[in-house]
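Residue-level structural notes
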Amino acid sequence: MTSGSTPGLTRFNASDESAAQAELHEVCASSAWGSKILAQRPFASAETLFTASDAAMAELTADDLAEAMAGHPPIGRPKPGDPTSSREQRGMAGASEELKKEMLELNLAYQDRFGHVFLICATGATGEQMLDALRTRLGHTAEQEREIVRTELGKINRIRLTRIVEAP
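All of the points below concern the structure found in this document. From a predicted model like this one, the values you see are computed outputs, not experimental measurements. Numbering of residues begins from 1 in every chain and follows the order in which that chain's sequence is written. The predicted nature of this model means local features are confined to residues of pLDDT at least 70 and side-chain atom pairs, given and counted, to a pLDDT of 80 or more, with totals for whole chains, interfaces and linings taken over all residues. Heavy atoms throughout the structure, all of them, feed into the side-chain values; hydrogens and water do not.

1. Here's the deal with the overall build of the protein chain
Helix and strand assignments come from DSSP, with helices taken as H or I runs of at least 4 residues and strands as E runs of at least 2, each series counted from the N terminus. Scanning the protein chain from terminus to terminus reveals 10 helices and 0 strands. Along the chain direction, N to C, the helices and strands of the protein chain fall in the order α-α-α-α-α-α-α-α-α-α. Taking 2.2 N^0.38 as the reference for a compact globule, 168 residues should give roughly 15 Å; the C-alpha atoms of the protein chain span a radius of gyration of 16 Å, in line with that estimate. Judged by the C-alpha coordinates and their principal axes, the protein chain covers about 45 × 30 × 25 Å. Residue burial in the protein chain is summarised as follows: out of 168 residues, 46% are buried. C-alpha atoms define the radius of gyration, and 2.2 Å times the number of residues to the power 0.38 defines the globule rule. The buried label goes to any residue with under 20% of its type's maximum accessible area, the exposed label to any with over 50%, and the partly exposed label to all in between, with areas taken from a 1.4 Å probe on protein chains only.

Written out as structure tokens, the structure reads:
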């Protein structure tokens, strides 16, 4: 990951507002997060963009977090035709049917308990690692989960922003 200006960052900085807003919405479905990032353009480096993203994530309300989570499919069920969710959930692709079944059952239990999808930065994680995290997180309080979700969203946003700034 580069910290200086890149062709992708230059293009993002120069994009018209609606194009940049659409690109940010693909990174994170929270309109509050996207607006905060958009208002700070142009970014001198990828690192300043990442720092702005982290700061915007830290300021999101519970409603903003819910809006952001609504843009993420459940683990094990990527959005059909969405290469981003398929790529990010690649660790579930080779999982056994037993693991997938347990993931579905625990996903539903998590949604019943917390009222939203189980969210984890799945990039690079195996199905077993995601299942272990889900088992652990089912025991958390709503407040603990909200902050874990905030952290996981921040990780996902950085990965997705990296793809923007590193694009040719």
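There is more to say after this.
2. Brief notes about the packing of aromatic side chains
Centre distance within 6.5 Å is the pairing criterion for rings of Phe, Tyr and Trp, where only the six-membered ring of Trp is used; planes under 30 degrees apart are then read as stacked, over 60 as edge-to-face, and the remainder as tilted. Counted under the stated rule, the structure contains 2 aromatic pairs. A ring pair is formed by Tyr110 and Phe114, whose centres lie 4.6 Å apart and whose planes are at 50°; its orientation type is tilted. One end of the pair, Tyr110, and the other, Phe114, are both in helix α8 (residues 97–114), 4 residues apart, so they sit about a helical turn from each other. In this pair, the class of Tyr110 matches that of Phe114, namely buried. Ring centres 5.3 Å apart and planes at 75° place the aromatic pair Tyr110 and Phe118 in the edge-to-face group. Like Phe118, Tyr110 is buried. Through pairs of rings, three or more aromatic residues link up here, namely Tyr110, Phe114 and Phe118. By definition, being over a ring means that NZ of Lys or CZ of Arg is both within 6 Å of the ring centre and within 35 degrees of the ring normal. The cationic tip of Arg41 hangs over the ring face of Phe12; the distance from NZ or CZ to the ring centre is 5.6 Å.

3. Concerning the side chain of Ser15
Relative to the elements of secondary structure, Ser15 occurs in the loop between α1 (7–14) and α2 (17–27). Ser15 gets classed as buried once you look at its relative accessible area, which sits at 16%. It only takes one pair of heavy atoms within 4.5 Å for two residues to be counted as in contact. Those residues within four positions of Ser15 in sequence are excluded, and the remaining contacts are Ala20 and Arg41.

4. Some words on the nonpolar core
In terms of nonpolar packing, the biggest core is built from 47 residues, with Trp33, Ile37, Ile75, Met130, Leu153 and Leu161 touching the most fellow members. For this core, the secondary-structure elements that each account for two or more residues are α1, α2, α3 (31–38), α4 (46–58), α5 (62–69), α8, α9 (127–137) and α10 (142–165). Those residues within four positions of Ile37 in sequence are excluded, and the remaining contacts are Leu24, Phe43, Leu49, Ala52, Ser53 and Ala56. In this description, a nonpolar core means a group of buried Ala, Val, Leu, Ile, Met, Phe, Trp, Tyr and Cys residues linked to one another through side-chain atoms lying within 4.5 Å.

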